[in-house]
Amino acid sequence: MNEDILPRHTILLVDDEENILNALNRTLRKEGYRVLTAPGGEAGLSIVDRERVSLVVSDHRMPGMEGVEFLTEVRRRSPETMRMMLTGYADMKSVVAAINAGQVYRFITKPWNDEEIKLILRDAIRHYELVQENKELHALTQKQNIQLKDLNSNLEQKVLERTQEVEFLYKDLEKSFYDFVKVFIGMIELKSPYLGGHSKRVAALSRRLAEKAGLSSEEVFNIEVASLLQDIGTLGFPEKMLKKRENELDNVEKTLVSQHPILGQSALQHIIKLNPVGILIRHHHESYDGHGFPDNLKGGDIPVGARIIAITDYFDSMVNPRDTNERLSVDRVIHLLDNSAGSRFDPVLVTKFAGLLHDVRHESIESNIIEIDITELREGMVLASDIKTKRGLLLMSKGETVQSLLLNRILNFHKIDPVVMKIAVLQNKRK
């Protein structure tokens, strides 16, 4: 076959059972991928060595070389290749091993749903494409910077032309970055609408608390993004496990949950601009007294952004729990935060957060709530209710401030899945 007309992405399927390979092949036949198969790990590695493979899907239990060993070797030989594992729910210990060694992107449980697996693979391919695009843009930026250094200071016109090119490139890089973040947020919402709404509410509170704490605009931005992506490390977890309460988890599941901050950081490690965000995600479950996870950091050793997210995450999970019968009042949660100040939470930030909630209540008293149509929504408006589509997809949460990027996203969703309900926003009484 002429290489010029080959599909853009190659997917490698590795399984010692021919019927599994055939079933996956049939499922992916019309998806536009180039699909290669291998009956085991050694044969799969041979293909990885000679082909550019975008995604590998491997069975866990195979003779000779098991899935964890195979995917670990794939990661060593081709770090950019996305890695996924076929496994049964009974293999949770293997799942933990795969997380630590092979850093798999997602787990597919047997038996699978054909439409669901297509969607999972599309998400993985989009992730792969975004990483590649960011690498290319970063390389172009470095090349442009080298060229700028070589310009003669007297060639003002050339300096002006090259500066304009760099600004254009930077805007493209920023757009790619925001698109990357939006894809991750969309994946979280797709996996769990509750987690999507929770993350947005936490992000809105975290931003305001960071501003109240006097942090820089860059720190505030990183804290807001980390709040939005705090639970990205749970994307590969079984759905039924995510719905369990903490006291319902078995020991293996508890181990897996304790790994989700590390998995979240790992998912972002290839995007340089997201490295500070990854650090905050890794540490947002640390406790002020050193009894948190995953690294048992204590006091000021915990990044201030992670200390902020710990407070706002706890607050929203108590005020807006998955089970509404377990909802606590704002005053009750403030009392619980005060009791845990100095042990679980930073006492100074707890005090500032209590002040923030007082400010929010005061703002509500000083404001009128008006209802508008989706077409009247404007940048800078503060929501007094959630924005949901006709099918129930949460686009923005109560308390968030409308920003230009989010406004464009909402309007695009409205074309596909309309927002039919009126939207409540705050209107300031004072002129």
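What counts, and where the lines are drawn
Residues numbered from 1 in each chain as written. Predicted model: local features only at pLDDT ≥ 70, side-chain atom pairs only at ≥ 80, totals over all residues. Heavy atoms only, no water. Helix = DSSP H or I, 4+ residues; strand = E, 2+ residues; numbered from the N terminus. Buried < 20%, exposed > 50% of the residue type's maximum accessible area, 1.4 Å probe, protein only. Areas by Shrake-Rupley, 256 points an atom, 1.4 Å probe, with all protein chains shown as cover. Pairing = 2+ DSSP bridges. Axes fitted to C-alpha atoms, helices over the stretch in contact; angles between N-to-C directions. Core = buried A, V, L, I, M, F, W, Y, C linked by side-chain atoms within 4.5 Å. Contact = heavy atoms within 4.5 Å. Phe/Tyr/Trp six-rings, centres within 6.5 Å; stacked < 30°, edge-to-face > 60°. Salt bridge = Lys/Arg side-chain N within 4 Å of Asp/Glu carboxyl O. Polar contact = N/O pair within 3.5 Å; in protein donor to acceptor, adjacent residues only side chain to side chain. pLDDT = per-residue confidence, 0-100. Right-handed = clockwise from strand over helix to strand, strands pointing away. Parallel < 35°, antiparallel > 145°, perpendicular 65-115°, else oblique. Left-handed = near helix turned anticlockwise from the far one by under 90°. Nonpolar A, V, L, I, M, F, W, Y, C, P; charged D, E, K, R; others polar. Expected span 1.5 Å × (residues − 1).

Check the secondary structure of the protein chain and you find 16 helices and nine strands. In the protein chain, which comprises 431 residues, the share counted as buried stands at 45%. Put simply, the protein chain shows about 22500 Å² of open surface, and 50% of that area lies on carbon and sulfur atoms.

Before going further, it helps to examine the sheet that holds strand 1 (residues 10-14). On the basis of which strands lie adjacent, the open sheet formed by five strands has the order 2-1-3-4-5 and parallel pairing. Each having just a single partner strand, strand 2 (34-38) and strand 5 (106-109) make up the two edges of the open sheet. Across this sheet, the average inter-strand angle for adjacent strands is 20°, counted without regard to direction. By the bridge criterion, five bridges tie strand 3 (residues 55-59) to strand 4 (residues 82-87) in an arrangement that is parallel. By the bridge assignment for strand 4, Val 57 is matched with Met 84.

Grouped together as the largest cluster of nonpolar side chains are 62 residues, with contacts concentrated most on Leu 55, Val 57, Met 84, Trp 112, Leu 121, Leu 337 and Phe 353. Sorting elements by how many residues they give to this core places helix 13 (residues 304-319) first, with seven residues. If you look at the next biggest cluster of nonpolar residues, it comprises 18 residues, including Val 14, Ala 38, Val 53 and Met 85.

All right, on to the environment of Lys 352 then. Here Lys 352 lies in helix 15 (residues 347-365). Take Lys 352: its relative accessible area is 29%, and that puts it in the partly exposed class. Separated by 143 residues in the primary sequence, Lys 352 and Leu 209 have C-alpha atoms spaced 7.3 Å apart. When sequence neighbours within four positions are dropped, the list of residues in contact with Lys 352 reads Leu 209, Lys 212 and Ala 213.

Turning to the packing of aromatic side chains, a few remarks are in order. All told, the structure shown has two aromatic pairs when counted by the stated rule. With 5.3 Å between their ring centres and 50° between their planes, Tyr 314 and Phe 345 make a pair best called tilted. Here the residue Tyr 314 occupies a position in helix 13, and Phe 345 occupies one in the loop between helix 14 (330-340) and helix 15, the gap between them amounting to 31 residues. Neither residue differs from the other here; Tyr 314 and Phe 345 are each classed as buried. With a centroid separation of 5.2 Å and 75° between ring planes, the pair formed by Phe 315 and Phe 353 is classed as edge-to-face. Note that Phe 315 is positioned in helix 13 and Phe 353 in helix 15, a separation of 38 residues in sequence. By the burial criterion, Phe 315 is buried, and Phe 353 matches it.

Phe 293 connects to Pro 294 through a cis peptide bond whose omega is 10°. Of note in this structure, Asn 296 is not a glycine but carries a positive phi near 55°. Note that Asn 296 resides in the loop between helix 12 (275-283) and helix 13. Here Asn 296 falls in the partly exposed class, since its relative accessible area comes to 48%.

Under the criterion given, the structure shown has 14 salt bridges. Among the ionic pairs, Arg 76 bridges to Glu 73, the shortest N-O distance being 2.5 Å. A residue pair is termed a helical-turn pair when its members lie 3 or 4 positions apart in one helix, as Arg 76 and Glu 73 do in helix 3 (residues 67-77) at three residues. What makes Arg 76 exposed here is its relative accessible area of 58%. Through salt bridges that share partners, Asp 49, Glu 73, Arg 76 and Arg 77 make up one connected network.

Moving on to the side chain of Ser 78. Summarising the element assignment, Ser 78 is placed in the loop between helix 3 and strand 4. Of note is the side chain of Ser 78, whose polar atom sits 2.5 Å from the side chain of Thr 81.

Residues at a pLDDT of 70 or more form 82% of the protein chain, whose mean pLDDT is 82. Here residues 1-5 is a poorly scored stretch, pLDDT under 50, and it has one contact once near neighbours within four places are set aside; other chains count.

This next bit is on helix 12. For helix 12, the set of buried residues is Val 277, Gly 278, Leu 280, Ile 281, Arg 282 and His 283. Where helix 12 is buried, its residues contact helix 8 (217-228), helix 11 (260-267) and helix 13.

With that settled, the discussion passes to the pairing of strand 2. Pairing of strand 1 with strand 2 involves five bridges; the strand directions are parallel. The residue bridging Leu 12 from the neighbouring strand is Leu 36, located in strand 2. Between the parallel pair strand 1 and strand 2, the chain is carried across by helix 1 (residues 18-28), and the sense of this crossover is right-handed.

We now examine the packing of helix 7 (residues 193-212) against helix 8. Two elements in contact, helix 7 and helix 8, have axes separated by 8 Å at closest approach and are oriented at 160°. Relative to helix 8, helix 7 is oriented roughly antiparallel. Between helix 7 and helix 8 lies a crossing of right-handed hand. In contact with Ser 199, Lys 200, Val 202, Ala 203, Ser 206, Arg 207, Ala 210 and Glu 211 of helix 7, helix 8 contributes Val 220, Ile 223, Glu 224, Ser 227 and Leu 228. Across the contact of helix 7 with helix 8, the residue classes tally to six nonpolar, three polar and four charged.

Between its first and last C-alpha atoms helix 13 spans 23 Å; for 16 residues at 1.5 Å apiece the expected length is 22 Å, and the two agree. Here helix 13 lies mainly inside the structure; 13 of its 16 residues are buried.

Another point: the pairing of strand 4. Side chains on a regular strand alternate between the two faces of the sheet. Buried residues dominate strand 4, accounting for six of its six residues. Residues Met 82, Met 84 and Leu 86 point to one face of strand 4 and Arg 83, Met 85 and Thr 87 to the other, with burial holding for every one of them. With respect to chirality, the unit in which strand 3 leads through helix 3 into the neighbouring parallel strand 4 is right-handed. As paired strands, strand 4 and strand 5 are joined by four bridges and run parallel to one another. Residue pairing for strand 5: Met 84 is matched across the bridge by Arg 106.

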